[in-house]
Amino acid sequence: MNKRSALKFIAACACMAGATGIISACSENRPGFSAIDLTGADYARDFALTDHNGQPRSLKDFAGKVVVLFFGYTQCPDVCPTSMAELAEVKKLLGQDGERLQGLFVTVDPARDTPAVLKAYMANFDPTFLALYTTPEKLEALAKEYKVYFKKVDGKTPTSYTMDHSAGSYVYDTHGKLRLYTRYGTGAAPLAADIRLLLQQ
């Protein structure tokens, strides 16, 4: 190998080493989320629902905000109020960035959860949170799109039934892309940390 060839070889190796360093640095700096990372998932992509004020809603309405979406119902005895109270705590933990968080509650019990009931329910947690609803038929299709389970469980009277349902929240970034799934009971602090990471992107 002559001198010129040797220099070219050394330069090529240096470039490759530099590129490897960049790739390594990128992989090492990937966000470390506490929640389940769903980036790139091909489901739970959007919705067409009505909020408790009667306004049609989809993800594009919340551009620039991190959206946390939860499926539940207002007569839920524990999981739903706990999840919404936790989300309200997340907003407080975010400080000024809390204004860039949008909480959404999708009812799986449209028969009892009227707009008035939903609006009163949201007032217990945060005035900026919105409850969303649709028809029973469209709700079935939405649940399939979101891989959400719900089932009516009969009570002692026709109106005293309960609803079994999935307990967890979907988290979307500021561009409306699905990014995370956070399980019930994870806690406010880990979710707040995950949302901070998304807000930095």
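You'll find the structure just up there.
For clarity, every value in this text was computed on a predicted model and none was experimentally measured.

(A) The overall build of the protein, seen in detail. Along the backbone of the protein there are five helices and 10 strands. In the protein, which comprises 201 residues, the proportion classed as buried is 41%. Summarising the internal contacts of the protein: among those between residues at least 6 apart in sequence, 72% fall at separations of at least 24.

(B) Fine view of the nonpolar core. Residues Phe47, Val90, Phe105, Tyr146, Tyr170, Tyr172 and Ile195 are the most contacted members of the largest nonpolar core, which totals 57 residues. When near neighbours in sequence (up to four residues on either side) are disregarded, Val90 contacts Leu101, Ala188, Leu191, Ala192 and Ile195.

(C) Highlighting the side chain of Ser58. Structurally, Ser58 can be placed in the loop between strand S3 (56-57) and strand S4 (66-72). Classification of Ser58 by relative accessible area gives buried; the value is 9%. Looking at Ser58, its side chain comes within polar contact range of the side chain of Lys60, at 3.1 Å.

(D) Examining the state of the cysteines more closely. Enumeration over the complete set of coordinates arrives at zero disulfides. The thiol of Cys76 is unpaired, and the distance to the nearest cysteine sulfur, on Cys80, comes to 3.0 Å. Under the relative-accessibility criterion, Cys76 is labelled buried at 8%. On the accessibility criterion, Cys80 (0% relative accessible area) is buried.

(E) Looking closely at the pattern of salt bridges. Evaluated as defined, the whole model comprises five salt bridges. Here Asp51 makes a salt bridge to Arg57, at a shortest N to O gap of 2.8 Å. Arg57 sits in the partly exposed class, given a relative accessible area of 22%. Where Arg179 meets Asp173, a salt bridge forms, and the shortest distance between an N and an O atom there is 3.3 Å.

(F) Representation of the sheet that holds strand S5 (residues 101-107) within the structure. A sheet is described by the order of its strands in space; here eight strands give the open sequence S1-S10-S9-S4-S5-S6-S2-S3, paired in mixed fashion. The open sheet terminates on both sides in strands that have one partner only, identified here as strand S1 (36-37) and S3. Seen against the sheet, helix H3 (residues 115-122) touches S5 and strand S6 (130-133) and runs at an angle of roughly 155° to S6.

(G) Broad picture of the packing of aromatic side chains. According to the stated counting rule, one finds seven aromatic pairs in the structure shown. Counting every residue linked through ring pairs, the aromatic cluster contains Tyr43, Phe71, Tyr146, Tyr170 and Tyr181. Taking the ring centre of Tyr161 as reference, the NZ or CZ of Arg112 above it sits at 3.6 Å. Here Lys152 stacks its cationic end above the ring of Tyr161, 4.3 Å away from the centre of that ring.

(H) Quick peek at the pairing of S6. Sheet topology note: the strand S2 (residues 49-51)/S6 ladder contains two bridges and is antiparallel. When the bridges of S6 are listed, Thr50 appears paired with Tyr133. In terms of strand pairing, S5 meets S6 through three bridges, oriented parallel. Opposite Leu104, over in S6, you have Leu130 as the bridge partner. Handedness of the β-α-β unit built from S5, H3 and S6 comes out right-handed.

Rules behind the numbers
Residues numbered from 1 in each chain as written. Predicted model: local features only at pLDDT ≥ 70, side-chain atom pairs only at ≥ 80, totals over all residues. Heavy atoms only, no water. Helix = DSSP H or I, 4+ residues; strand = E, 2+ residues; numbered from the N terminus. Buried < 20%, exposed > 50% of the residue type's maximum accessible area, 1.4 Å probe, protein only. Contact = heavy atoms within 4.5 Å. Core = buried A, V, L, I, M, F, W, Y, C linked by side-chain atoms within 4.5 Å. Polar contact = N/O pair within 3.5 Å; in protein donor to acceptor, adjacent residues only side chain to side chain. Disulfide = S-S within 2.5 Å. Salt bridge = Lys/Arg side-chain N within 4 Å of Asp/Glu carboxyl O. Pairing = 2+ DSSP bridges. Axes fitted to C-alpha atoms, helices over the stretch in contact; angles between N-to-C directions. Phe/Tyr/Trp six-rings, centres within 6.5 Å; stacked < 30°, edge-to-face > 60°. Lys NZ or Arg CZ within 6 Å of the ring centre and 35° of its normal. Right-handed = clockwise from strand over helix to strand, strands pointing away.

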